Amino acid sequence: MANGQWFPPDWPERIRALADGTLTPVAPKRAATVMLLKDAGGGPVVHMLRRRASMAFAGGAYAYPGGGVDPRDDDHHVRWAGPTRAWWAERLGVEETTAQAIVCAAVRETYEEAGVLLAGPTAEAVVGDTTGDDWEADRAALVARETSFAEFLDRRGLVLRSDLLGAWTRWITPEFEPRRYDTWFFVAALPDGQRTRNASTEADRTVWIRPADAAASYDEGELLMMPPTIATLRQLLPYGTAAEALAAAPARDLAPVLARARLEDGEVVLSWPGHDEFTKHVPAGGGSA
C-alpha cells in the first residue's frame, strides 16, 4: 500500500457489476459528521477516532464522530440558536425539516461518540462538564435510540447552538456500495469547559492530532483513512486556528462529491471529481490495481 487509503475488498466486483448494469444502486441515507477542532501550540488539532479492527466496514480506519440522521428530529420543535432553519436549509440544499435533522445529527453524534455537547441553557451559553452519571445515562439512551435528540434537549431545557457549527463539505457513498450515506461534514470548536473522551463502542482509540501530521501519516501508510477523511484533513491545512476554519466554512462549496466508475481500455476506472489522488484502476476481468 503506497498510502493509507482504505477500500473495501469487494469494491472491484461491485464496480464491475455497476458498470455492466447488473447492480442497482441503493438510495443513500442522510448522515452528518463533525471535525471537532481545538487550538494548540502551532495551530489547531482535530479529534479523530480509530474504528475497531473487528468492524466489518473500515476496520482500523481513522474517522471523525458521525452517524445517521434520526428521522424523529425532522419536525419535533427544538430550541434553536444561531442561523435560522431556513438559512440552514438553503446552505445544505434541503428542506427546513431535513436541515434541522441534519444539524441535530451533527450535534448528537458529537455527544454520543466524543462526549462533547454543542448546546446550552441559553442561546449564549454552552453546558460545562458532561461526564457525570446522569449525563452518561442520557448519552446511552441516545445511542440506544430510546430517546430522540430533540426529546433529550427538551427534557434538559437546552438550546441547540447551531452557530457553533460550520458546514464544510458533502460526500455521497459511491453507487456500488451496499450501504450508502449522503453525509454532510461540519467543523466545530471544542467548547470551553468540555473535554473529549472515547464514548463510542465502534472505536478503540481517539486522538487529537494536527491535520498535517495525520495527512503525513496517511501518506506514509501508517494511518488508514477513507477518501472523505483524508480529503477533509488536507482542506484544514491552511488554517492557523479553529476560529479561522469556522470563519471559512460559510463560503465553502457544498456540491456533493460522488465517485464515478467508467470502463476505459479494458479497465474500470473509479474516480472522485476534484480529488484525483483517489483514482483507482480495476481490471475489467477481475482483481484490483
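Parameters and conventions
- Residues numbered from 1 in each chain as written.
- Predicted model: local features only at pLDDT ≥ 70, side-chain atom pairs only at ≥ 80, totals over all residues.
- Heavy atoms only, no water.
- Pairing = 2+ DSSP bridges.
- Helix = DSSP H or I, 4+ residues; strand = E, 2+ residues; numbered from the N terminus.
- Axes fitted to C-alpha atoms, helices over the stretch in contact; angles between N-to-C directions.
- Parallel < 35°, antiparallel > 145°, perpendicular 65-115°, else oblique.
- Left-handed = near helix turned anticlockwise from the far one by under 90°.
- Contact = heavy atoms within 4.5 Å.
- Nonpolar A, V, L, I, M, F, W, Y, C, P; charged D, E, K, R; others polar.
- Buried < 20%, exposed > 50% of the residue type's maximum accessible area, 1.4 Å probe, protein only.
- Core = buried A, V, L, I, M, F, W, Y, C linked by side-chain atoms within 4.5 Å.
- Salt bridge = Lys/Arg side-chain N within 4 Å of Asp/Glu carboxyl O.

Student: Explanation requested: the sheet that holds strand S7 (residues 159-161) in the structure shown.
Tutor: The strands that make up a sheet are held in pairs by hydrogen bonds between backbone atoms, and each pair lies either parallel or antiparallel. Strand order in the open sheet made by the three strands is S5-S7-S6, with mixed pairing throughout. Two strands bound the open sheet, and with one partner strand each, they are strand S5 (80-81) and strand S6 (119-120).

Student: Hey, could you run me through the packing of helix H6 (residues 211-219) against helix H7 (residues 227-236) in this one?
Tutor: The packing of two helices is summarised by the inter-axis angle and the distance between the axes. Where H6 meets H7, the axes come as close as 8 Å, and the angle between the chain directions of the two elements is 140°. Taken together, the axes of H6 and H7 lie oblique to each other. Between H6 and H7 the crossing geometry is left-handed. Here H6 contributes Pro211, Ala214, Ala215, Tyr218 and Asp219 to the contact with H7, which in turn contributes Ile230, Leu233, Arg234 and Leu236. When its residues are assigned to classes, the contact of H6 with H7 shows seven nonpolar, no polar and two charged.

Student: What is the right way to read unusual backbone geometry from this model?
Tutor: Excluding glycine, residues mostly have negative phi values, and the peptide bonds linking residues are mostly trans. Located in the positive-phi region is Arg145, a residue other than glycine, with phi close to 60°. Assignment of secondary structure puts Arg145 in the loop between helix H4 (133-143) and helix H5 (149-156).

Student: Sorry if this is basic, but what is going on with the sheet that holds strand S14 (residues 267-272) here?
Tutor: Read across the sheet, three strands follow the order S13-S14-S15 without closing on themselves; strand pairing throughout is antiparallel. Each edge of the open sheet is held by one strand with a lone partner, namely strand S13 (260-264) and strand S15 (275-283). When strand polarity is set aside, the average angle formed by the axes of neighbouring strands in this sheet is 25°. The pairing of S14 with S15 spans five bridges and is classified as antiparallel. Among the inter-strand pairings, Val268 is bridged to a residue of S15, identified as Val282. Contacts from H7 reach S14 and S15 within the one sheet, and its direction differs from that of S15 by about 160°.

Student: Mind showing me how you'd approach the pairing of S14 here?
Tutor: Along any regular strand the residues' side chains alternate between the sheet's two faces. Among the six residues in S14, five count as buried, and that is most of the element. Two strands pair when backbone bridges link them, and S13 and S14 are joined in this way by five bridges, in the antiparallel orientation. Residue pairing in the sheet places Arg260 in a bridge with Ser271 of S14. Between S13 and S14, which pair antiparallel and follow one another directly, the connecting turn spans two residues, one of which, Asp265, has a positive phi of 50°. Count of turn residues in the S14/S15 antiparallel hairpin: two residues, of which Gly274 carries a positive phi of about 85°.

Student: Please explain the nonpolar core as it appears in this structure.
Tutor: For soluble globular proteins, nonpolar side chains are generally found buried alongside one another. Leu92, Leu117, Leu165 and Phe186 are the most contacted members of the largest nonpolar core, which totals 39 residues. Of all elements in the fold, only strand S1 (29-40), helix H2 (85-92), helix H3 (96-114), H4, H5, strand S8 (165-172) and strand S9 (181-189) reach the threshold of two or more residues within this core. Counting residues per element, this core draws most heavily on H3, at ten residues. Each residue touching Leu92, except ones within four places of it in the same chain, is listed here: Ala99, Ile102, Val103, Ala167, Arg170, Trp184, Phe186 and Leu254. Residues Leu37, Phe176, Met225 and Trp272 belong to the second largest nonpolar core, which totals 37 residues.

Student: Looking at this structure, I do not really get the pattern of salt bridges. What am I missing?
Tutor: Here the idea is simple: oppositely charged side chains can pair when their charged atoms come close. Applying the stated criterion to the full structure yields 16 salt bridges. Glu136 is the partner of Arg139 in a salt bridge, and the nearest nitrogen-oxygen pair spans 2.8 Å. Taken together, the residues Arg139 and Glu136, both in helix H4 and three residues apart, mark about one turn of the helix. Exposure remark for Glu136: the relative accessible area of 27% places this residue in the partly exposed category. Across the salt bridge formed by Arg155 and Asp138, the nearest N and O atoms sit 2.2 Å from each other. One end of the pair, Arg155, is in helix H5; the other, Asp138, is in helix H4, with 17 residues separating them in the sequence. The structure contains a network of salt bridges with shared partners spanning Asp73, Arg108, Glu109, Glu112 and Arg145.

Student: Sorry, what's going on with the side chain of Arg108 here?
Tutor: Its location among the elements puts Arg108 in helix H3. Once you skip the residues sitting within four places of it in the chain, Arg108 turns out to touch Gly68, Asp70, Asp73, Leu142, Arg145 and Phe149.

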